[in-house]
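# Structural features, examined
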Amino acid sequence: MAEGKKKLKVLFASSEVAPFSKTGGLADVAGSLPVALHKAGIDIRVVTPRYKSINIFGSEARLNGRVPVYFIENDAYFMRDNLYGDEKGDYSDNLDRFVFFSKRIPELLKEIDFKPDIIHCNDWQTALVPVYLKEIYGTDPFYSGIKTVMTIHNIAYQGLFPKSEFHKIGLPWDYFTVHRLEFYDKVNILKGGLVFADLITTVSPTYAREIQTPEFGYGLNGLLSERKDSLSGIINGIDYNEWNPAKDKELKYHFSPSRPDGKYKDKSALQKKTALEERANAPLIGIISRLADQKGLDLVSRIIHSLLGMDLQLILLGTGEKRYHRLFEGIKRKFPGKASINLKFDALLAKKIYAGADMFLMPSRYEPCGLGQIISLRYGTIPIVRNTGGLADTITEYDPKTTRGTGFVFDRYDAGELFNAVKRATDIYRQSGLWKKLVTNAMRCDFSWDSSAKEYVDLYKKIA
Ligand code: ADP
């Protein structure tokens, strides 16, 4: 940034921020994109709720020692075991909780005397901020000229509530119309953000196109098509320091594209730790995922017995829907030594799997961006993915003739196609020269934040 030029100021609002709180990819993005934006010259601060799991003294912390993070406190709303719900489902007062959070965000700005050029909102939990800025705070000169960006991380989660809860939002009834927050006689919080934000983004170019269609738009495709000139898709990056096979403290053996051998030692350490047979030559397939339909686990369930009939090993890490817990419990009993089933959330084990597995399975029905396949590339773990959303934008089919490509990709949401993709992967695996080249291709990809952060900066400049 040129000397003397005023830095752009941005407030980044998110209901989860790694390493403080995390249920999925949103937390990874909120914990790493602001750091990249800071490096790119943006004066950026982050705001998020203070959950029970956050043991930080005081109401402020920093990301990477630099980017300030402010925690919004409310013991009744946020001092709970989980972020959004428990085994009985979503918390029944989620609307109250995130209305509170969203109203506190503009107030906080005055308290810390930070007037941003832009407030960057993420998913439905902060989607009311653009609405409140116009309706409640619009007449206050402190807020005049603040622009808003609304990022969709997964359009299936919209914050839908019954009409009877509309009063909790604190807006006049003329906001309950199809052109604003009404959605088939319900309140749709995300829709408010999409109508009122100055710009809309989502987390991959392909998903930006897909959500304008009925198949992927979950009822908001019409609105998004109308706003398509304000909608863009920017692929997520990952923090290349946090995910670094050459340096990770959590790994016993290190590796890089030019010195790949440590990966195979990490593999045997992983096999040992998880009671898999220690077999260097059996392809080890990893799955790290929320156990939800979105992630394609119904396809996996249809072929899992045939898969495990092949000469390969499977390691699964995930939590989610009960029926998948039951399915994988059964697999665990039936295939000891061959399938390692870990039904929990465990960041350390996740890293060991990314490092030690040979392949990473991600057959999603839809995938806004997906981080698992990007992290896998970094660790030379070859993604097997469906051709959708961010998976389509990050992985290309390996061609053994040209030796170009980074993974194995199938098109239709179909168990047979998935099985064939795994078959292609294991066939190449047995041709070690070709496989080594593929692993190098994967590790040489660059999905660090640098280029995507620049795209956000360009968007910010366009509206500020
Ligand atoms: P989503 O946000 O839809 O769940 P992403 O692929 O974008 O999917 O991000 C998921 C993130 O959460 C990745 O960093 C992945 O490694 C991590 N993750 C998912 N399940 C687990 C788990 N059981 N234990 C540890 N990390 C997990």
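In this report, the structure presented in the accompanying data block is examined.

So, about the sheet that holds strand S11 (residues 186-188). Across the sheet, 3 strands lie side by side as S9-S11-S10; this open sheet has antiparallel pairing. Of all strands in the sheet, those bounded by a partner on one side alone are strand S9 (160-162) and strand S10 (182-183). Two elements, S10 and S11, share 2 bridges in a ladder whose sense is antiparallel. Paired with Phe 183 across the strands is Lys 186, a residue of S11.

Turning next to unusual backbone geometry. In this structure, the amide linkage connecting Ala 18 to the following residue, Pro 19, adopts the cis form with an omega of 10°. By secondary structure assignment, the location of Pro 19 is in the loop between strand S1 (9-13) and helix H1 (25-39). Of note, Asp 113 is a non-glycine position whose phi angle comes to about 50°, a positive value. Positionally, Asp 113 belongs in the loop between helix H3 (94-111) and strand S7 (118-122). For Asp 113, a relative accessible area of 62% gives the class exposed. Phi at Thr 403 is positive, roughly 55°, even though this residue is not glycine. With respect to the helices and strands, Thr 403 occurs in the loop between helix H14 (389-394) and strand S19 (408-410).

Here the focus is the environment of Asp 229. Of note, Asp 229 is situated in the loop between helix H8 (221-226) and strand S13 (231-233). Relative accessible area serves as the criterion here: at 72%, Asp 229 is assigned to the exposed category. Once the C-alpha coordinates of Asp 229 and Leu 199 are considered, the two residues, 30 residues apart in sequence, prove to be 9.0 Å apart.

Moving on to the pattern of salt bridges. All chains considered together, the criterion is met by 26 salt bridges. Across the pair Asp 174 and Arg 180 runs a salt bridge, and its minimum N-O distance is 3.9 Å. According to the relative accessible area criterion, Asp 174 is partly exposed, its value standing at 48%. For Lys 351, the salt bridge goes to Glu 250, with nearest N and O atoms at 3.5 Å. Residue Lys 351 is located in helix H12 (residues 347-356), and its partner Glu 250 is located in the loop between S13 and helix H9 (262-273); the two are separated by 101 residues in the primary sequence. Owing to a relative accessible area of 4%, Lys 351 belongs among the buried residues under this scheme. A relative accessible area of 34% means that Glu 250 is categorised as partly exposed.

This part is about the side chain of Thr 406. By the secondary structure assignment, Thr 406 is in the loop between H14 and S19. Residue Thr 406 is classed as buried on the basis of its relative accessible area, which comes to 8%. Those residues in contact with Thr 406 that sit more than four places away from it in its chain are Leu 377, Ile 382, Pro 383, Thr 394, Ile 395, Thr 396, Tyr 398, Leu 438, Asn 441, Ala 442 and Cys 445.

About the thresholds
- Residues numbered from 1 in each chain as written.
- Predicted model: local features only at pLDDT ≥ 70, side-chain atom pairs only at ≥ 80, totals over all residues.
- Heavy atoms only, no water.
- Pairing = 2+ DSSP bridges.
- Helix = DSSP H or I, 4+ residues; strand = E, 2+ residues; numbered from the N terminus.
- Buried < 20%, exposed > 50% of the residue type's maximum accessible area, 1.4 Å probe, protein only.
- Salt bridge = Lys/Arg side-chain N within 4 Å of Asp/Glu carboxyl O.
- Contact = heavy atoms within 4.5 Å.

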